[in-house]
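One-letter residues, chain by chain:
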Amino acid sequence: MSARELQNLARDIAARAGELVRRRRAEGVSVAATKSSPEDIVTAADRESEELIRSLIADARPDDGFLGEEGGREFGTTGVTWVVDPIDGTVNYLYGIDDYAVSIGVVEGSRDPREWSALAGAVYAPARDEMYVASSGGGAYRGNRRLAVNTGVDPRLALVGTGFGYDPERRRRQLAVVAGLIGDIRDIRRIGSAALDLCRIADGQLDGFYEVGLNPWDMAAGALIAREAGAQLGGLGGSPADAHMTIAAEPELFAFLEARLEGLGAASVF
Ligand code: IPD
Ligand code: CA
């Protein structure tokens, strides 16, 4: 399958899962379990969505690998792995805030974001009926509209998205970095879904984004979508984007954010 065909498959599966998730939301949602901390929740819909995605991928591509936030792990034989967040923005989902999404990335090689090569991705926000897709070398799209990041943004006028982890100590350190940065830019947004934050970079609704502590499934699809729209992705000091730091913005703003975050000691947040 070409990268474009993988993108279309990811899109169709994300649409199916998104429809399920939206229906479950209308029926009422409650916390099924907690994970790393009491704030880190999972609902029955997260699990059901991951199961559906996993079975649809297995039907279409039985020999591929799978890595899902809710525990799905499968080493395939093709070298291709599907990296899935069945609901990104679970807390928004719980509260009925529309910024949640199904995120499906298709990567080749390693399952480590530092080393994998992203082939395709789809992020679908069912409550907004917004579908973002990208394929490697094929551009990023929202519906039929090709996406391009904002360019030539004065850092002082940049709207920058970020997010916080679930560990209370890390959140305090993250907030200290925000406190240092917020006076130098237009404003900060904490939307609550890293996958959608990255799509919003692609869409021009955010100028930049950074976060410490992202998991592979939070960024697999969104990072490709942002990159295909012209964003630079990376960590601090020239390292690749990973859990220690993920920054996304057009190259000039990227350089500003990287330098500023270094200066604020963001390297020690993780
Ligand atoms: C979270 C969201 C949030 C980000 C956290 C993620 P989840 O994912 O993407 O925006 O700040 O780091 O863990 O738990 O809603 O799937
Ligand atoms: Ca997530």
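Model, not experiment: these values are computed from the prediction.

Novice: Even after reading the chapter, I still don't get the sheet that holds strand 11 (residues 159–162), so can you show me in this structure?
Specialist: Whether parallel or antiparallel, the strands of a sheet pair through hydrogen bonds between backbone atoms. Taking strand neighbours across the sheet as the criterion, the five strands line up as 12-11-13-15-14 in an open arrangement whose pairing is mixed. Each of the sheet's edge strands pairs with one partner strand only, and the pair in question is strand 12 (187–189) and strand 14 (232–234). Across the sheet, the mean angle separating the axes of adjacent strands is 20 degrees when strand polarity is ignored. Relative to strand 12, strand 11 is paired through three bridges, and the arrangement is parallel. Bridged to Leu-159 within strand 12 is Asp-187. The sheet contacts of helix 4 (residues 168–181) involve strand 11, strand 12 and strand 13 (208–211), and relative to strand 13 the element is tilted by about 150 degrees. Those strands touched by helix 7 (residues 251–263) are strand 11, strand 13, strand 14 and strand 15 (246–249), and its axis lies near 150 degrees from that of strand 15.

Novice: Please explain the coordination of the calcium ion (ligand 2) as it appears in this structure.
Specialist: Angles between donor atoms at a metal ideally measure 109.5 degrees for a four-coordinate tetrahedral arrangement and either 90 or 180 degrees for a six-coordinate octahedral one. Around the calcium ion (ligand 2), the protein contributes the donor atoms Asp-85 (OD), Asp-88 (OD) and Asp-218 (OD), at 2.0 to 2.3 Å from the metal centre. Ordering the donors of the calcium ion (ligand 2) by residue number gives the pattern D-x2-D-x129-D. On the criterion of sequence distance, the pair formed by Asp-85 in strand 5 (residues 80–88) and Asp-218 in helix 6 (residues 216–228) is long-range, its members being 133 residues apart. The exposure class assigned to Asp-85 is buried, which follows from its relative accessible area of 0%. The class for Asp-218 is buried, based on a relative accessible area of 9%.

Novice: Quick question: what am I supposed to make of the site of ligand 1 here?
Specialist: In the vicinity of ligand 1 lie 15 residues, with Asp-88, Gly-89, Thr-90, Tyr-166 and Glu-211 positioned nearest. Protein contacts shield 96% of the accessible area of ligand 1, which totals 380 Å² for the unbound molecule. Per-element tally for the shell around ligand 1: the top contributor is strand 5, with three residues. Across the shell around ligand 1, the residue classes break down as four nonpolar, five polar and six charged. Residue-level mapping places the shell around ligand 1 at the junction of two domains, with at least three residues from each of domain 1 (3–146) and domain 2 (155–264).

Novice: How should the domain arrangement of the protein chain be read in this particular structure?
Specialist: You'll often see interface size given as the accessible area lost when the parts meet. We note that the domain assignment places domain 1 (3–146) and domain 2 (155–264) within the protein chain. Of note, the centres of domain 1 and domain 2, computed from C-alpha atoms alone, are 20 Å apart. Domain 1 puts 45 residues into the contact, and the matching count from domain 2 is 26 residues. Taking both partners together, domain 1 and domain 2 bury about 2600 Å²; carbon and sulfur atoms supply 62% of that area. Among the residues of domain 1 in contact with domain 2, Asp-88, Arg-114 and Tyr-132 are the three that bury the most area, contributing 22% of the side total. The interface formed by domain 1 and domain 2 holds four salt bridges in total. Across the pair Asp-203 and Arg-142 runs a salt bridge whose closest N-O atoms are separated by 2.7 Å. Between the two partners, domain 1 and domain 2, sit 12 residue pairs in polar contact (both at pLDDT 80 or more). Broken down by element, the residue count for the side of domain 1 that touches domain 2 peaks at seven residues, all from strand 7 (residues 117–125).

Novice: So what exactly am I meant to see when it comes to a nonpolar patch on the surface here?
Specialist: A contiguous nonpolar patch, built from Val-91, Tyr-95, Ile-97 and Tyr-166 and spanning about 380 Å² of accessible area, is present on the exposed surface. With a relative accessible area of 40%, Ile-97 lands in the partly exposed category.

Novice: When you look at the layout of surface pockets in this model, what are you seeing that I'm missing?
Specialist: To find leftover empty space, a probe the size of one water molecule is rolled over the atoms. What the largest pocket holds in volume is close to 620 Å³. At the level of elements, strand 5, helix 3 (90–95), helix 4 and helix 6 are the ones that each hand at least two residues to the lining of the largest pocket. Residues that form the lining of the largest pocket fall into these classes: nine nonpolar, 10 polar and 12 charged. Each of two domains, domain 1 (3–146) and domain 2 (155–264), supplies a minimum of three residues to the lining of the largest pocket. When its volume is computed, the second largest pocket comes out at roughly 160 Å³. In terms of lining, the second largest pocket is formed by 13 residues, of which the most central are Pro-113, Trp-116, Ala-223, Arg-227 and Ala-241.

Novice: Honestly, the UniProt feature "binding site: Mg(2+)" (unreviewed entry) in the protein chain in this entry has me stumped. Any pointers?
Specialist: Sequence positions flagged by UniProt for "binding site: Mg(2+)" (unreviewed entry) are, in local numbering, Glu-69, Asp-85, Ile-87, Asp-88 and Asp-218. These annotated residues cover 150 residues of sequence, and their C-alpha atoms all fall within 9.6 Å of one another, placing them together at a single site. Lining residues of the largest pocket drawn from the annotated set just named are Glu-69, Asp-85, Ile-87, Asp-88 and Asp-218. Mapped onto the secondary structure, Asp-88 falls in strand 5. Setting aside residues no more than four positions away along its own chain, Asp-88 makes contact with Asp-99, Tyr-100, Ala-101, Ser-193, Ala-194, Ala-195, Leu-196 and Asp-218. Looking at Asp-88, its side chain comes within polar contact range of the side chain of Ser-193, at 2.7 Å.

Basis of the calculations
- All chains use their own residue numbering, which begins from 1 and follows the written sequence.
- The lettering of chains begins at A and the numbering of ligands begins at 1, in the order of writing.
- Two thresholds apply to this predicted model, a pLDDT of at least 70 for residue-level local features and 80 or more for giving and counting side-chain atom pairs, whereas whole-chain, interface and lining totals are computed over all residues.
- Calculation of side-chain values draws on the structure's entire complement of heavy atoms; hydrogens and water are dropped beforehand.
- Pairing between strands is defined by DSSP: at least two bridges between them are needed.
- A run of H or I in DSSP becomes a helix once it reaches four residues, and a run of E becomes a strand once it reaches two; helices and strands are each numbered from the N terminus.
- Helix axes are fitted to C-alpha atoms over the stretch in contact, other axes to C-alpha atoms as well, and angles between N-to-C directions run from 0 to 180 degrees.
- The contact rule is simple, with two residues in contact once any of their heavy atoms fall within 4.5 Å.
- Note: metal donors comprise N, O and S atoms at 2.8 Å or less from the metal (3.2 Å for Na, K and Ca); water molecules are not included, so apparent gaps in a site are possible.
- In this scheme, a residue with accessible area under 20% of its type's maximum is buried, one over 50% is exposed, and one in between is partly exposed, where area comes from a 1.4 Å probe on protein chains only.
- Being near a molecule or strand, for a residue, comes down to having at least one heavy atom within 4 Å of it.
- To measure how exposed things are, a 1.4 Å probe is used in the Shrake-Rupley method; for residues, cover is taken only from the protein chains shown.
- Only Asp, Glu, Lys and Arg are considered charged in this grouping, and only Ala, Val, Leu, Ile, Met, Phe, Trp, Tyr, Cys and Pro are considered nonpolar; every other residue, Gly among them, is considered polar.
- Residue ranges for the domains originate in an automatic or database domain assignment.
- Buried area is a sum: the accessible area each of two parts loses on coming together, probed at 1.4 Å, counted once for each and added.
- A carboxyl oxygen of Asp or Glu within 4 Å of a side-chain nitrogen of Lys or Arg is what we treat as a salt bridge.
- Identification of polar contacts relies on pairs of N or O atoms within 3.5 Å, with a donor-acceptor requirement for protein atoms, meaning one able to donate a hydrogen and the other able to accept it, and with residues adjacent in sequence counted only if both atoms are side-chain atoms.
- Candidates for patches are residues over 30% relative accessible area with no salt bridge; among them, like charges are joined within 9 Å and nonpolar side chains (Val, Leu, Ile, Met, Phe, Trp, Tyr) within 5 Å.
- A 1.4 Å probe that fits into a set of points on a 1 Å grid over the protein atoms alone but cannot get out defines a cavity; an open set with protein on both sides within 12 Å along at least five of seven lines defines a pocket, and lining residues are those with an atom within 4 Å of a point.
- Grid points are joined across faces, edges and corners, and a volume is the space filled by probe spheres set on the points.
- UniProt positions are given in the numbering used here, feature names are shortened, and annotations may be inferred rather than shown by experiment.

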